[in-house]
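# Summary of the model geometry
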2 protein chains.
Amino acid sequence: MGDECIFCKIVSGEIPAKKIFENEATFAFLDINPSAKGHSLVIPKNHHATMLDIPEAELKDVISTVQKVGAAIMKATNADGFNVLQNNREAAGQVIPHLHFHVIPRTIGDSLKLSFGSQKAEEEELKEYEKRVKEQL
Amino acid sequence: MGDECIFCKIVSGEIPAKKIFENEATFAFLDINPSAKGHSLVIPKNHHATMLDIPEAELKDVISTVQKVGAAIMKATNADGFNVLQNNREAAGQVIPHLHFHVIPRTIGDSLKLSFGSQKAEEEELKEYEKRVKEQL
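The structure reproduced in this document is the subject of the present report.

Rules of the game
Residues numbered from 1 in each chain as written. Chains lettered and ligands numbered in written order. Predicted model: local features only at pLDDT ≥ 70, side-chain atom pairs only at ≥ 80, totals over all residues. Heavy atoms only, no water. Helix = DSSP H or I, 4+ residues; strand = E, 2+ residues; numbered from the N terminus. Contact = heavy atoms within 4.5 Å. Disulfide = S-S within 2.5 Å. Core = buried A, V, L, I, M, F, W, Y, C linked by side-chain atoms within 4.5 Å. Buried < 20%, exposed > 50% of the residue type's maximum accessible area, 1.4 Å probe, protein only. Salt bridge = Lys/Arg side-chain N within 4 Å of Asp/Glu carboxyl O. Polar contact = N/O pair within 3.5 Å; in protein donor to acceptor, adjacent residues only side chain to side chain. Nonpolar A, V, L, I, M, F, W, Y, C, P; charged D, E, K, R; others polar. Pairing = 2+ DSSP bridges.

### As for the environment of glutamate 130 of chain B
- By the secondary structure assignment, glutamate 130 of chain B is in helix H3 (residues 123-135).
- Between the C-alpha atom of glutamate 130 of chain B and that of leucine 52 of chain B, which follows or precedes it by 78 residues, the distance is 21 Å.
- What glutamate 130 of chain B contacts, discounting residues up to four positions off in sequence, is Lys18, Lys19, Ile20 and Leu30 of chain A.

Written out as structure tokens, the structure is:
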């Protein structure tokens, strides 16, 4: 998979990127199509397509880097907050099939909209889905 | 803080919720205002406002539960993918100031839109922000 994967090539240096952080297991770089200045991506160095594919220990390494990068981006951009977004599979908007966390700095009054919309669920619906998900856990 | 926090009250059982999973450090329950059926929230049991406030070890516990819950929700809802979204501070759309990860199942062709919009960054801008963020790491 690494042979074809653009993020694997960024990790290996074959494709240049604006690297902001790297440790043994993870790599962070600026998104070249940012939603806000400082928008960064945090990835595992090993190729895993989604959160369903990555071993738990590696996922923990990735979230530690997300935390570090989030704090740094807040300071670097004088942001008022930040979003962490991670999309699994095409249906969820994932474009590059190498697990990545978006870290997106936000300022009060910025024009970014991040909402799926939502509405209050019926009690029966909640009970049904409580049962369904619990059966899988 | 726990005295006032609705999520702390959910953890303690003072406020009822559709609990789908619980372990020593984390708790997961259905969002009562779901963006999709099965939309769940994963939180640390201890009160921490944002990702900037939670100790790294506890954050790792939380992401492990997000991974478990994500896999379960995929099966329980026959989803084609899922989004993981975590908002830090009001500027980022955080409503309840107790760290939480949204886990939102997605199906191909659903009507959910989750996009900030983005545009290609200029090289100079990327260089500037690469420098700024690196200085904070």
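### What to know about the state of the cysteines
- A full pass over the atoms with the stated rule returns zero disulfides over all chains.
- In this structure cysteine 8 of chain A is a free cysteine whose sulfur lies 3.8 Å from that of cysteine 5 of chain A, the closest cysteine sulfur available.

### With respect to the nonpolar core
- The biggest cluster of nonpolar side chains holds 52 residues, and the ones touching the most others in it are Met51, Val66 and Phe101 of chain A together with Met51, Val66 and Phe101 of chain B.
- Once residues lying within four places of it in the same chain are set aside, the contact partners of valine 66 of chain A are Val42, Val84, Phe101 and Val103 of chain A together with Met51 of chain B.
- Judged by nonpolar contacts, the second largest core, of nine residues, contains Phe7, Ile10, Val11 and Ile43 of chain A.

### A closer look at the interface of chain A and chain B
- Listed by partner, the interface residues are 71 residues for chain A and 71 residues for chain B.
- The interface formed by chain A and chain B holds two salt bridges in total.
- One salt bridge in this structure joins glutamate 123 of chain A and lysine 18 of chain B, with 2.9 Å as the shortest N-O distance.
- Our count for the chain A to chain B interface comes out at 21 residue pairs in polar contact (both at pLDDT 80 or more).
- Within the residue set of the side of chain A that touches chain B, elements represented by two or more residues are strand E1 (19-22), helix H2 (56-77), strand E4 (81-88), strand E5 (101-106) and helix H3 (123-134) of chain A.
- By residue number, the principal contributor to the side of chain A that touches chain B is H2 of chain A, which donates 17 residues.
- Grouping the constituent residues of the side of chain A that touches chain B by class yields 34 nonpolar, 18 polar and 19 charged.
- Note: E4 of chain A against strand E4 (residues 81-88) of chain B, seven bridges, orientation antiparallel.

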